[in-house]
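# Reading the structure
So the chains spell out like this:
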Amino acid sequence: MGLENLQHNFLTGTLEGMVKWARVSSSWAANFGLACCAIEMMAAGAANYDLARFGMEVFRASPRQADVMIVAGRVSQKMAPVLRQVYDQMMEPKWVISMGVCASTGGMFNNYALVQGVDQVVPVDVYAPGCPPGPETLIHAILTLHQKIRLGELTRRDGEGAGIRLAEPPQPLRLGAPA
């Protein structure tokens, strides 16, 4: 009998498991609030929803102290290089949550001034749908990201820009059609 059949506990856990636990338990967010979704992001940090239980009670103002970027709202063409610069200054490993339909796809603003999806600027790991998504949706996105960190490999990302969508897009409403 070798050690490969040994069940791990807190004394004999794998180093990889401990590193993943530490990453999940101490992920710090860089807030990048650009529109109305930022109000919902701030509400998620308030006492009613309490992001402190996930170790994310303080949104970091410096990208050098953060490893999760929450892009909340629409991204203009002028803001895209700034967003990329902040992303590049973040420490590795780093993850991105796209919050809201405007950040994910451009939303109803289909014009030349706005980026039609933040995934054109930075690789997105989790998409949080809604206009604006509520604090519960952001918390669900954070928990989804935590699961992705916990199940992923330590040395590489799971496909650049291959994010997880939280919900299926709504089906179009057919007026006058039989149900």
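If you're wondering where the values come from, they're calculated on a predicted model, not measured in any experiment.

A large share of strand S3 (residues 95–99) lies buried, amounting to 5 of its 5 residues. Handedness of the strand S2 (residues 68–72)-helix H3 (residues 80–89)-S3 crossover: right-handed. As defined by bridge partners, S3 adjoins strand S4 (residues 126–128) across 3 bridges and the pair is classed as parallel. Each residue of the ladder has a partner; that of Met99, found in S4, is Ala128.

Turning next to the packing of aromatic side chains. Across all of its chains, the model carries 0 aromatic pairs by this definition. A cation over a ring is seen here: Arg74 above Phe109, with NZ or CZ 5.0 Å from the ring centre. One residue, Lys94, lies across the ring of Tyr87, its end atom 4.3 Å from the ring centre.

Moving on, we get to the UniProt feature "binding site: [4Fe-4S] cluster" (unreviewed entry) in the protein. Those residues carrying the UniProt feature "binding site: [4Fe-4S] cluster" (unreviewed entry) are Cys36, Cys37, Cys102 and Cys131 in this numbering. A maximum C-alpha distance of 9.9 Å is found for the annotated residues, which run over 96 residues; spatially they form one tight group. Of note, Cys36 is situated in the loop between strand S1 (29–33) and helix H2 (37–44). Taking the relative accessible area as the measure of exposure, Cys36 reaches 43% and is therefore partly exposed.

Considering the arrangement of structural elements, one finds Asp67 in the loop between H2 and S2. Buried and unpaired, Asp67 has no salt bridge, with Arg23 as the nearest side chain of opposite charge at 6.9 Å. Of the polar contacts made by the side chain of Asp67, one reaches the backbone nitrogen of Trp28; its length is 2.8 Å. Filtering out sequence-adjacent residues up to four positions away, Asp67 remains in contact with Ser26, Ser27, Trp28, Met90, Met91, Pro93, Lys94 and Trp95.

Between helix H1 (residues 15–25) and helix H5 (residues 135–151), the least distance of the axes is 9 Å, while the angle of their chain directions is 160 degrees. It follows from the interaxial angle that H1 and H5 lie roughly antiparallel. The two elements H1 and H5 meet at a crossing, and its hand is right-handed. Here H1 contributes Lys20, Arg23 and Val24 to the contact with H5, which in turn contributes His146, Ile149, Arg150 and Leu151. In terms of residue class, the contact of H1 with H5 is made up of 3 nonpolar, 1 polar and 3 charged.

Let us look at the environment of Ser98. Positionally, Ser98 belongs in strand S3. C-alpha of Ser98 to C-alpha of Asp125: the two residues are 27 residues apart in sequence and 7.9 Å apart in space. Setting aside residues up to four positions removed in sequence, Ser98 forms contacts with Val71, Ala103, Ser104, Val118, Val124, Val126, Tyr127 and Ala128. Reaching out from Ser98, the side chain makes a polar contact with the side chain of Ser104 at a distance of 3.0 Å.

Criteria and thresholds
- Residues numbered from 1 in each chain as written.
- Predicted model: local features only at pLDDT ≥ 70, side-chain atom pairs only at ≥ 80, totals over all residues.
- Heavy atoms only, no water.
- Buried < 20%, exposed > 50% of the residue type's maximum accessible area, 1.4 Å probe, protein only.
- Helix = DSSP H or I, 4+ residues; strand = E, 2+ residues; numbered from the N terminus.
- Right-handed = clockwise from strand over helix to strand, strands pointing away.
- Pairing = 2+ DSSP bridges.
- Phe/Tyr/Trp six-rings, centres within 6.5 Å; stacked < 30°, edge-to-face > 60°.
- Lys NZ or Arg CZ within 6 Å of the ring centre and 35° of its normal.
- UniProt positions renumbered as here; feature names shortened; annotations may be inferred.
- Lys, Arg positive; Asp, Glu negative; His and termini not counted.
- Salt bridge = Lys/Arg side-chain N within 4 Å of Asp/Glu carboxyl O.
- Polar contact = N/O pair within 3.5 Å; in protein donor to acceptor, adjacent residues only side chain to side chain.
- Contact = heavy atoms within 4.5 Å.
- Axes fitted to C-alpha atoms, helices over the stretch in contact; angles between N-to-C directions.
- Parallel < 35°, antiparallel > 145°, perpendicular 65-115°, else oblique.
- Left-handed = near helix turned anticlockwise from the far one by under 90°.
- Nonpolar A, V, L, I, M, F, W, Y, C, P; charged D, E, K, R; others polar.

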